[in-house]
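Take a look at the letters that make up each chain.
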Amino acid sequence: MPVIEEVTAPRSFERVGMHSHIKGLGLDENGKARFMADGMVGQVKAREAAGIAVELIKRGKLAGKGILLVGPTGSGKTAIAMGIARELGEDVPFVQIAGSEIYSAEVKKTEFLKEALRRAIGVRISEERKVYEGEVREIRINRTRHPFNPYVEIPESVVITLRTKDDEKTIRAGREIAYQLMEMGVEEGDVIQIDAETGRISKIGTTKEEEGLFFKRRVNLPSGPVLKIKEFTYTVTLHDLDVANARGNIFGLLFSTGAEISDEIRGRVDETVKKWIEEGKASLVPGVLFIDEVHMLDIEAFSFLARAMESELAPILILATNRGRTKIRGTDLEAPHGIPIDMLDRLLIINTEPYRKEEIREIVKIRAKEEKIEVSEEAIEYLAELGEKTSLRYAVQLLAPASVLARGGKVEKEHIERAKEYFADLRRSMEFVEKLEGMLQ
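Parameters at a glance
- Residues numbered from 1 in each chain as written.
- Predicted model: local features only at pLDDT ≥ 70, side-chain atom pairs only at ≥ 80, totals over all residues.
- Heavy atoms only, no water.
- Axes fitted to C-alpha atoms, helices over the stretch in contact; angles between N-to-C directions.
- Helix = DSSP H or I, 4+ residues; strand = E, 2+ residues; numbered from the N terminus.
- Left-handed = near helix turned anticlockwise from the far one by under 90°.
- Contact = heavy atoms within 4.5 Å.
- Nonpolar A, V, L, I, M, F, W, Y, C, P; charged D, E, K, R; others polar.
- Phe/Tyr/Trp six-rings, centres within 6.5 Å; stacked < 30°, edge-to-face > 60°.
- Buried < 20%, exposed > 50% of the residue type's maximum accessible area, 1.4 Å probe, protein only.
- Salt bridge = Lys/Arg side-chain N within 4 Å of Asp/Glu carboxyl O.
- Pairing = 2+ DSSP bridges.
- Core = buried A, V, L, I, M, F, W, Y, C linked by side-chain atoms within 4.5 Å.
- Patch = residues over 30% accessible without salt bridge, like charges linked within 9 Å, V, L, I, M, F, W, Y side chains within 5 Å.
- Areas by Shrake-Rupley, 256 points an atom, 1.4 Å probe, with all protein chains shown as cover.
- Parallel < 35°, antiparallel > 145°, perpendicular 65-115°, else oblique.

Another aspect to go through is the packing of helix α4 (residues 109-119) against helix α8 (residues 299-308). Relative to each other, α4 and α8 sit at 35°, their axes nearing to 10 Å. α4 and α8 meet at a crossing whose hand is right-handed. Packed against α4, whose contacting residues are Lys109, Thr110, Leu113, Lys114 and Leu117, the element α8 presents Glu300, Ala301, Phe304, Leu305 and Ala308 at the interface. By residue class, the composition of the contact of α4 with α8 is 6 nonpolar, 1 polar and 3 charged.

All chains considered together, the criterion is met by 1 aromatic pair. Taken together, a centroid distance of 6.3 Å and an interplanar angle of 20° make the contact between Phe94 and Phe290 stacked. Placement of the pair is Phe94 in strand β5 (residues 94-98) and Phe290 in strand β13 (residues 288-292), with a sequence separation of 196 residues. Residue Phe290 is classed as buried on the basis of its relative accessible area, which comes to 0%.

Now for the pattern of salt bridges. Opposite charge on two side chains lets them pair, provided their charged atoms get close. According to the stated counting rule, one finds 27 salt bridges in the structure shown. Among the ionic pairs, Glu168 bridges to Arg137, the shortest N-O distance being 3.1 Å. One end of the pair, Glu168, is in strand β8 (residues 168-173); the other, Arg137, is in strand β6 (residues 121-145), with 31 residues separating them in the sequence. Overall, Glu168 belongs to the partly exposed group, its relative accessible area being 39%. A salt bridge links Glu381 to Lys357; the shortest N-O distance between them is 3.1 Å.

Another aspect to go through is the pairing of strand β9 (residues 190-195). β9 sits mainly inside the fold: 6 of its 6 residues count as buried. Side chains of β9 alternate between two faces, with Asp190, Ile192 and Ile194 and Val191, Gln193 and Asp195 buried alike. Where β6 meets β9, 5 bridges bridge the pair, whose relative direction is antiparallel. By the bridge assignment, Gly134 is partnered in β9 with Ile192. Looking at chain direction, β9 and strand β10 (residues 201-206) are connected through 5 bridges and run antiparallel.

This brings us to the sheet that holds β5. Ordered in space as β5-β13-β14-β4-β17, the 5 strands form an open sheet in which the pairing is parallel. Either end of the sheet is taken by a strand with one partner, and the two such strands are β5 and β17 (347-351). The mean angle between the axes of side-by-side strands here comes to 20°, regardless of whether they run parallel or antiparallel. Lying over the sheet, helix α1 (residues 44-58) contacts β4 (66-70), β14 (316-321) and β17, oriented at roughly 155° with respect to β17.

By size, the foremost hydrophobic cluster in this structure holds 28 residues, and its most contacted members are Leu68, Ile97, Leu289, Ile291, Leu297, Leu319 and Met343. Secondary structure elements with two or more residues in this core: β4, β5, α4, β13, α8, β14 and α9 (341-344). No other element matches the 6 residues that α8 contributes to this core. Not counting chain neighbours up to four residues away, the residues in contact with Leu68 comprise Val294, Leu319, Ala320, Thr321, His337, Ile339, Leu344, Leu347, Leu348, Ile349 and Ile350. Of all hydrophobic cores here, the second largest spans 27 residues; its members include Ile360, Leu383, Leu392 and Leu399.

Another point: a nonpolar patch on the surface. The grouping of Phe432, Val433, Leu436 and Met439 at the surface amounts to a nonpolar patch, some 410 Å² of accessible area in total. Within the fold, Met439 resides in helix α15 (residues 426-440). On the basis of relative accessible area, Met439 is assigned to the exposed category, the value being 61%.

Right, let's get into the packing of α4 against helix α7 (residues 263-278). In the contact formed by α4 and α7, the axes pass within 13 Å of each other and the chain directions differ by 15°. The orientation of α4 with respect to α7, classified from their angle, is roughly parallel. Of the two possible hands of crossing, α4 and α7 adopt the one that is left-handed. Contact with α4, carried on its side by Glu111, Lys114, Glu115 and Arg118, involves Asp263, Arg266, Val269 and Asp270 of α7 and no other residues of that element. Across the contact of α4 with α7, the residue classes tally to 1 nonpolar, no polar and 7 charged.

Here we take up the environment of Tyr422. Note on placement: Tyr422 falls in helix α14 (residues 413-422). Each C-alpha atom, one on Tyr422 and one on Pro401, is 9.2 Å from the other, the two residues being 21 residues apart in sequence.

Shown next, in the form of structure tokens:
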């Protein structure tokens, strides 16, 4: 059980994820894409198509089907998939895997996919609990070195101050709660609930004004004491319940043994969840399973997914690839995108295009703001030109090393140029190797 203690006031913390700025698809009330909204920039046609797909999902018209995102590397396929999940709800599970992962797992391919599917299906549970509720006034994540990799830091504990109209408390909690706060992107101004016994966190909304780019649900500052008895709503996944059932501990969900879970246990969990739903204690939350590099899956995996999509307990399946016509892995047959025709017939295909210069400029600004890096207009313009000539990812990746070269100060064009000299793009790297090969010949 997570330990929660009241302590003195803390400071703030920083977190950065590759797609942590994505809050939705950035569509208006008519389903038209704004040029820049919800962390999304450009890709107007693809985002509007994704918005139609979201409406189909909400109406239950996408059962037994899926979505295929096709476009070059770095064209926003993952961002659109995450945007779809965010449009469906803040607590909707989003599970991302790569097609090649199924071959490096310690379990069978079908078991790995089965687990991923169940991780993408949530169960929303409501019950009376003792909770800490309030606006996040200050927050600090204490970090330590990873026990197996000293170059990586992991959360060790968290100190957080919550306030209401009538009360304020500062609490200290352990690693499990720190991980949850980071994964949910909790920041100052957000209103959250923390279960005092289990440590589960539920994000209610924010008290801050909308800032134009990122939109959250606006809520009022809670009243009454911070620690109270209240109906607490949280979401667990079917896989969480599988693991807890297999280990005999309903709250021991954070560390799995890695062993395969039997179909008998999953069957018991499904029956229990159906009973909860019938009694009104819970509701099902179908999430999103996003499989990148889907052309890496083999014929067995595609066959399994096709059958799983027709199950009554199935998440929304979103696939992505950057391949044209290629062989279906495990066969000698060629097919569009390396996907069997019978599987393609079940998919809505959305194309993503390379980003233009003006779009790259705005994305660089967003990433700089998210990573809290001050960048001059000249440097942003230079990165936009660089991204158009090379790739968006290369331009964004230069931000962090340029910040180091600027000694934490404002990043200028000269810092970007120096970072560019240290770190090559794909074209320069290939030219370098080909030149060496020519010298050896």
